[in-house]
Amino acid sequence: MKVDLRINGASRSADIEPRKTLLDALRENFLLNGTHAGCEHGVCGACTVLVDGEPVRSCLMFAVQADGYEITTIEGLASAPGELSVIQDAFCETHGLQCGYCTPGMILAADALLRHTLTPTREDIVEAISGNICRCTGYGQIIEAVQFAADRLRKANTLRPHHDAAHHGHAERDTPAEGVLEAAEADEPVVEAK
Amino acid sequence: MKPAPFEYVRPTSLAEACALLAGDEEARVIAGGQTLVPMLAMRLARPAKLIDILRLPELAGIREESGAVIVGATTRQAQAERDPVIRASVPMLAKVLPWVGHPPTRNRGTIGGSIANADPSAEIPLVAVTLGAEIMIATTNGPKSMPSDDFFIEPMVTALGQGECVSAIRFPVWPHRRIGVGFLEVSARRSDFAFVAAAAQVALDGEGRCIDAALGLGGVGDRPLRLDMSSLVGTELDAASVSDAINAALADIEAASDLHASAAYRRRVAVTLCKRAVEQARVNASAKSAGAAR
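These numbers come from a predicted model, not from an experiment.

Undergrad: Please clarify how the overall build of chain A should be interpreted in this entry.
TA: A count of helices and strands for chain A gives seven helices and five strands. In sequence order, chain A lays out its α and β elements as β-β-α-β-β-β-α-α-α-α-α-α. Looking at chain A as a whole, 45% of its 194 residues are labelled buried. Taking all contacts inside chain A whose residues are at least 6 apart in sequence as the whole, residues at least 24 apart take part in 62%.

Undergrad: How should I be thinking about the pairing of strand E6 (residues 134-139) of chain B in this particular structure?
TA: Consecutive side chains of a regular strand alternate in pointing toward one face of the sheet and then the other. Residue and element names in this part refer to chain B. Pairing of E6 with strand E7 (residues 142-147), which is carried by six bridges, proceeds in the antiparallel orientation. Pairing of Thr 139 across the sheet is with Gly 142, part of E7. Where E6 hands over to E7, the hairpin turn is made up of two residues, counted between the paired strands. With five bridges connecting them, E6 and strand E10 (residues 165-172) associate as antiparallel partners. Directly across from Ala 138, in E10, lies its bridge partner Cys 165.

Undergrad: Just to check I follow, could you spell out the domain arrangement of chain A for this structure?
TA: Much of the literature gives interface size as the accessible area that the parts lose upon coming together. All names here are of chain A. With domains assigned, chain A is organised as domain 1 (2-76) and domain 2 (86-185). Only strand E3 (48-51) and strand E4 (54-57) provide two or more residues apiece to the side of domain 1 that touches domain 2. With three residues, the top contributor of residues to the side of domain 1 that touches domain 2 is E3. In the side of domain 1 that touches domain 2, the residues fall into seven nonpolar, seven polar and one charged.

Undergrad: Quick question: what am I supposed to make of the environment of Val 196 of chain B here?
TA: Residues and elements named next belong to chain B. By secondary structure assignment, the location of Val 196 is in strand E12 (residues 194-204). With 26 C-beta atoms packed within 10 Å, Val 196 lands in the buried category. C-alpha of Val 196 to C-alpha of Pro 224: the two residues are 28 residues apart in sequence and 10 Å apart in space. Ignoring sequence-local partners within four residues, the contact set of Val 196 consists of Glu 185, Val 186, Gly 219, Val 220, Arg 266, Val 269, Ala 270 and Leu 273.

Undergrad: Explain the interface of chain B and chain A to me, please; I cannot follow it from the model alone.
TA: With 22 residues of chain B at the interface, the matching set in chain A holds 23 residues. For the side of chain B that touches chain A, the secondary-structure elements that each account for two or more residues are strand E1 (7-9), helix H2 (36-41) and helix H6 (103-108) of chain B. Here the side of chain B that touches chain A takes five residues from H6 of chain B, the largest share from any one element. Here the residues of the side of chain B that touches chain A sort into eleven nonpolar, six polar and five charged.

Undergrad: Which parts of the structure should I look at to understand the sheet that holds E10 of chain B?
TA: What holds strands together in a sheet is hydrogen bonding between their backbones, with the strands either parallel or antiparallel. All names here are of chain B. Across the sheet, five strands lie side by side as E4-E5-E10-E6-E7; this open sheet has antiparallel pairing. What marks the edges here is a single partner per strand, and that holds for strand E4 (62-65) and E7. Shown here is a sheet whose adjacent strand axes are inclined to one another by a mean of 25 degrees, direction ignored. Two strands pair when backbone bridges link them, and E4 and strand E5 (residues 68-72) are joined in this way by four bridges, in the antiparallel orientation. When the sheet's bridge partners are listed, Glu 64 is paired in E5 with Val 69. With respect to the sheet, helix H1 (residues 14-22) is in contact with E6 and E10, its orientation differing from that of E10 by roughly 125 degrees.

Undergrad: Help me out: how do you make sense of the nonpolar core in this one?
TA: Grouped burial of nonpolar side chains is what soluble globular proteins tend to show. Residues Ala 110 of chain A together with Ala 198 and Ala 277 of chain B are the most contacted members of the largest nonpolar core, which totals 145 residues. For Ala 110 of chain A, the contacting residues outside a window of four places in its chain are Ile 87, Ala 128, Ile 129, Val 146 and Ala 149 of chain A.

Undergrad: Explain helix H8 (residues 123-131) of chain B to me, please; I cannot follow it from the model alone.
TA: Every α-helix winds through 3.6 residues per turn, so residues three or four apart in the chain are directed the same way. All names here are of chain B. Of all nine residues making up H8, nine are buried, and the element is well covered by its neighbours. Burial in H8 covers these residues: Glu 123, Ile 124, Pro 125, Leu 126, Val 127, Ala 128, Val 129, Thr 130 and Leu 131. Just downstream of H8 lies Gly 132, where phi reads positive at about 70 degrees.

Undergrad: Hey, could you run me through the UniProt feature "domain: FAD-binding PCMH-type" (unreviewed entry) in chain B in this one?
TA: When the UniProt feature table is mapped to this numbering, "domain: FAD-binding PCMH-type" (unreviewed entry) covers residues 1-176 of chain B. Measuring from the first to the last C-alpha atom of residues 1-176 of chain B gives 53 Å, for a span that is 33% helix and 26% strand.

Undergrad: Would you explain the sheet that holds strand E2 (residues 27-30) of chain B in this entry?
TA: Residue and element names in this part refer to chain B. If you walk across this open sheet you meet the three strands as E1-E3-E2, and the pairing is parallel. With partners counted over all chains shown, the strands left at the sheet margins are E1 and E2, one partner each. On average, adjacent strands in this sheet sit at an angle of 25 degrees to one another, irrespective of strand direction. Bridge count between E2 and strand E3 (residues 49-52): four bridges; the pairing is parallel.

Cut-offs applied
- Residues numbered from 1 in each chain as written.
- Chains lettered and ligands numbered in written order.
- Predicted model: local features only at pLDDT ≥ 70, side-chain atom pairs only at ≥ 80, totals over all residues.
- Helix = DSSP H or I, 4+ residues; strand = E, 2+ residues; numbered from the N terminus.
- Buried ≥ 20, exposed ≤ 12 C-beta atoms within 10 Å, placed from the backbone.
- Contact = placed C-beta atoms within 7 Å.
- Pairing = 2+ DSSP bridges.
- Domains from an automatic or database assignment.
- Nonpolar A, V, L, I, M, F, W, Y, C, P; charged D, E, K, R; others polar.
- Axes fitted to C-alpha atoms, helices over the stretch in contact; angles between N-to-C directions.
- Core = buried A, V, L, I, M, F, W, Y, C linked by C-beta atoms within 7 Å.
- UniProt positions renumbered as here; feature names shortened; annotations may be inferred.

Put into structure tokens, the structure is as follows:
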């Protein structure tokens, strides 16, 4: 079946068998290997991608069902080749990964959360990554990474184009909550981000 | 590719979907796919044809009518979770949704899909049975509906026939002003299948006496159960009355037993969770003033 998809802002087409999951299509047809295949039946969260900005398990969706949506994979987050997004960088800084297998899913789940709110509570973060299994870190540093990224994003002096304040109500404004100076000084992870 | 090969069809109308289903007994409906796709991956299900109803306009949307809220079958669980109409008018559904799977599965999983799947431990069927919701069904002969109590038959078995598909769920809205809900469940891990789940809704008058009470139990029987709480009407939902009503209602219930929880354990947890759910609902209702609009 011919399938037309929007992946990371680009239109891509392929001839895909109906029984092929979005996960397999991303990896095999479009060579986007950042989306990891873990359990392949909807338990581990390694294959998480964003569909219209919300996290979804790509192993629980067939590629033929995915037309008409904006699909974002881990490859679509960084601003340029060789760059990292704020969240990706935060995972590095706080050692929010070891083997890296769960990391793309964790980062995409965190990305969706931080588009809803830049002041997540610890419970919000735990809930957002509750569908993603990590067998290395014990989750502590992952939660810390998301808190750290939220803190940096709050202080960032940039426009955040993906914010959808009307839809989610509690989204932050696009002006930095605190000054650039604080951003420069924010090299310590903030444990209680509020 | 793990699933067995199948043909994928996306009909453009509900009538076409029903005709496709009626014409092929190897055909199955897919919407959110959060339960069906794992079953396909493990080859526990091998349908020859998948009929994708997710984008049918007739099945979308949440609307209010007098005394009820009608939730379209393909309403995503995540969408229902933050919907203001559901929060205001079907608070029990809003309360259980965070317990349904995880954020990524709720973004795809649908309300109608959970109903049609009829897992005895699932939260959405429990709410439907507890509140006495009506299941609206599309058939090749047009729409029909039935009470959820008749719809759920046994684990993963419903009254749906060939050529039929759940089109919406009609949740009744209580007319009273002081309504409170309670929900508790015990599972091995958060958002895993519930061994026992209890959902309660009560309405109080200005003096704190119970006008109406509904209590449902999931995970214990082979389908969600609504317990008779009529003896609580007129009481102040004191511990003794609640305890008597729950013990009487649970007396004849046969509890399931499996690897994870014995029948005796489920029964013991059921009594405790039922009491706590009613108490939670009472406290929730008491916090609302008698004069305030619902």
